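Chains, contacts and geometry: an overview
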Amino acid sequence: MSTKVRVTCVSKKESKNWDTTNPIATAIELEVPYDQKSVYWKLSGGTNLTLNTVNKAAADMFVIGGEYDIVVSPAEVEA
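Here the structure is a predicted model, which means the values were calculated and not measured.

1. Focus: the side chain of Thr 26
Along the chain, the position of Thr 26 falls in strand β2 (residues 24–31). Apart from the residues within four sequence positions on either side, Thr 26 is in contact with Lys 12, Lys 13, Glu 14, Leu 51, Asn 52, Thr 53 and Ala 59.

Now the structure itself:
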């Protein structure tokens with residue numbers, strides 16, 4: 001079973017990273033829209049997630065104001 005959540009990128013903040021291979025860290029804030037018709041709003045009043053990465057290519061995928069789908073599902077346990 002999984003759940004898909006539509007989020008909006010509301011901010012991107014770069015900061016210095018001490019690793020010389022990846023000198024910039026990026027914090028990407030994703031917001032679950034506050035649409036009162038949304039089941040997520042009804043259950044939580046809204047939610048924000050912060051994705052922290054030092055991978056520039058991953059950070060560049062996010063654009064402020066852009067919408068993204070996140071799929072959440074239980075992790076499979078390996079034997």
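2. Some points on the sheet that holds strand β1 (residues 3–16)
Spatially, the four strands line up as an open sheet ordered β3-β2-β1-β4, and their pairing is antiparallel. Of all strands in the sheet, those with a lone pairing partner are β3 (48–53) and β4 (67–72), marking the two edges. Here the strands of the sheet are splayed against their neighbours by 40° on average, with no regard to which way each runs. With six bridges connecting them, β1 and β4 associate as antiparallel partners. What sits directly across from Thr 8, in β4, is Glu 67.

Calculation criteria
Residues numbered from 1 in each chain as written. Predicted model: local features only at pLDDT ≥ 70, side-chain atom pairs only at ≥ 80, totals over all residues. Heavy atoms only, no water. Helix = DSSP H or I, 4+ residues; strand = E, 2+ residues; numbered from the N terminus. Contact = heavy atoms within 4.5 Å. Pairing = 2+ DSSP bridges. Axes fitted to C-alpha atoms, helices over the stretch in contact; angles between N-to-C directions.

So yeah, pure geometry; function would need other evidence.
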